[in-house]
Amino acid sequence: MDLKLQGKVALITGGSKGIGLGTAIYLAAEGAKVAILARNETDLREALTIITAQTESEAIWISADVSSEADCKRAVEETAKHFGRLDILVNNAGTSAAAPFEQVTAGQWQYDLDLKLFGAIHCSRYAIPFMREAGGGAIVNITTSSAKTPPASSLPTTVSRAAGQALTNAMSKDLGADNIRVNTVCIGAIRSDQADKQWKKTAPELTWEQFSRDPRHRIPLGRIGETEEAARVIAFLVSDAASYVTGTSVNVDGGSGAAL
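What counts as what
Residues numbered from 1 in each chain as written. Predicted model: local features only at pLDDT ≥ 70, side-chain atom pairs only at ≥ 80, totals over all residues. Heavy atoms only, no water. Buried < 20%, exposed > 50% of the residue type's maximum accessible area, 1.4 Å probe, protein only. Helix = DSSP H or I, 4+ residues; strand = E, 2+ residues; numbered from the N terminus. Pairing = 2+ DSSP bridges. Right-handed = clockwise from strand over helix to strand, strands pointing away. Contact = heavy atoms within 4.5 Å. Phe/Tyr/Trp six-rings, centres within 6.5 Å; stacked < 30°, edge-to-face > 60°. Axes fitted to C-alpha atoms, helices over the stretch in contact; angles between N-to-C directions. Salt bridge = Lys/Arg side-chain N within 4 Å of Asp/Glu carboxyl O.

The protein goes by SDR family oxidoreductase in an unreviewed UniProt entry, where it is assigned to Paenibacillus albus.

This is the structure we're talking about:
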């Protein structure tokens, strides 16, 4: 499917690994120019090598910490300056932090909100003027399907991600007149560095295929999803194929989410 992304410019936070890298590769393969943002320069350089080896699109990396507003501003401005425009923002940066309520410290709450919620807020705030200048744009905020119905001992992640879903809905109402669409992709069990670490820590005797299909994961489709399966949905939402889709959330979780 041609998503008509030629000439578009995308900034992807958390773009050096996992879903962020998979999305960068997919968008670049569809013709977009991409900037990947993360903190670790070594990971960024390796990711850029992978992107350029698999696609013909131009790509750059930016070392930045999205929990810092100044870094968000710098990253957006560097992307727009290098490519001359900015059309797409994927707010993907984040880590998994899950514990019972009483075990989460004030510092952990603040860090999680700064990284996952305020990172998306600040990157979006500085990206929007460039999108207006381009005549429109698309923002995708990555959250989790569990944020819709948080289970026990899932804090602070599910709260930060639930706030991200509210952010998506409110932003879509404010920015629709500017032809800037804002949507959420709610991720479930998808193969990532975190999933690989869990596999090697808890079941090293199994192959990835066996671990992925372990019924204890309780995934209706019977397996953990692949990175590209999330990347394809994100790419669709930022493309003109989804030109009349805004303010919505899409679960990419194999059916494990308890809410639509």
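K.L.:
Tell me about the pairing of strand 1 (residues 9–13), and name the residues and values.
P.N.:
The buried fraction of strand 1 amounts to five of the five residues, a majority that puts the element mostly inside the structure. Alternating positions in strand 1 separate into two faces, Val9, Leu11 and Thr13 on one and Ala10 and Ile12 on the other, with burial throughout. Sheet topology note: the strand 1/strand 2 (residues 33–38) ladder contains five bridges and is parallel. Considered in strand 2, the bridge of Val9 is made with Lys33. Regarding the hand of the β-α-β motif, the stretch spanning strand 1, helix 1 (residues 18–29) and strand 2 is right-handed. Bridge count for strand 1 against strand 4 (residues 88–91) is three bridges, and the pairing is parallel. Counterpart to Leu11 in the pairing with strand 4 is Leu89.

K.L.:
So what's going on with unusual backbone geometry? Residues and values would help.
P.N.:
Residues Leu155 and Pro156 are joined by a peptide bond in cis, for which omega reads 5 degrees. Inspection of the secondary structure assignment puts Pro156 in strand 7 (residues 155–156). The phi angle at Lys4 is positive, at roughly 55 degrees, despite the residue not being glycine. Of note, Lys4 is situated in the segment before strand 1. The phi angle at Arg218 is positive, at roughly 55 degrees, despite the residue not being glycine.

K.L.:
Describe the environment of Ala189, naming the residues involved and giving the relevant values.
P.N.:
Mapped onto the elements of the fold, Ala189 is located in the loop between strand 8 (180–187) and helix 6 (193–202). Note on Ala189: relative accessible area 32%, which makes it partly exposed. C-alpha of Ala189 to C-alpha of Thr227: the two residues are 38 residues apart in sequence and 9.8 Å apart in space. What Ala189 contacts, discounting residues up to four positions off in sequence, is Ile219, Ile224 and Gly225.

K.L.:
Break down the packing of aromatic side chains for me, with residues and values.
P.N.:
Evaluated as defined, the whole model comprises two aromatic pairs. Seen in terms of ring centroids, Trp199 and Trp208 are 5.6 Å apart; in terms of plane orientation they differ by 70 degrees. Their pairing is edge-to-face. This pair shows no difference in class: Trp199 is buried, exactly as Trp208 is. Both rings, one in Trp208 and one in Phe211, keep their centres 5.7 Å apart while their planes meet at 45 degrees; by these two values the pair is tilted. Of the two residues, Trp208 and Phe211 both sit in helix 7 (residues 208–212), three residues apart, roughly one turn of that helix.

K.L.:
I'd like a rundown of the sheet that holds strand 4, residues and numbers included.
P.N.:
Taken in spatial order, the seven strands make up an open sheet running 3-2-1-4-6-8-9, and their pairing is parallel. Among the strands making up the open sheet, the edge pair consists of strand 3 (59–63) and strand 9 (249–252). Across the sheet, the mean angle from the axis of one strand to that of its neighbour is 20 degrees, orientation sign disregarded. This element, helix 2 (residues 41–54), spans strand 2 and strand 3 of the sheet and lies at about 170 degrees to strand 3. Each of strand 1, strand 4, strand 6 (137–144) and strand 8 touches helix 4 (residues 106–134); the most contacted strand, strand 4, lies at about 175 degrees to it.

K.L.:
Could you give an account of the pattern of salt bridges, with specific residues and numbers?
P.N.:
Evaluated as defined, the whole model comprises 14 salt bridges. In this structure, Lys116 and Asp112 form a salt bridge, with 2.8 Å as the shortest nitrogen-oxygen distance. Residue Lys116 and its partner Asp112 are both found in helix 4; the two are separated by four residues, about one turn of the helix. In this structure, the salt-bridge partner of Arg132 is Asp178, at a minimum N-O distance of 3.0 Å. With a gap of 46 residues between them, Arg132 in helix 4 and Asp178 in the loop between helix 5 (157–175) and strand 8 connect regions that are remote in the sequence. You can call Arg132 partly exposed: its relative accessible area is 44%. Assessed through its relative accessible area of 25%, Asp178 is described here as partly exposed.

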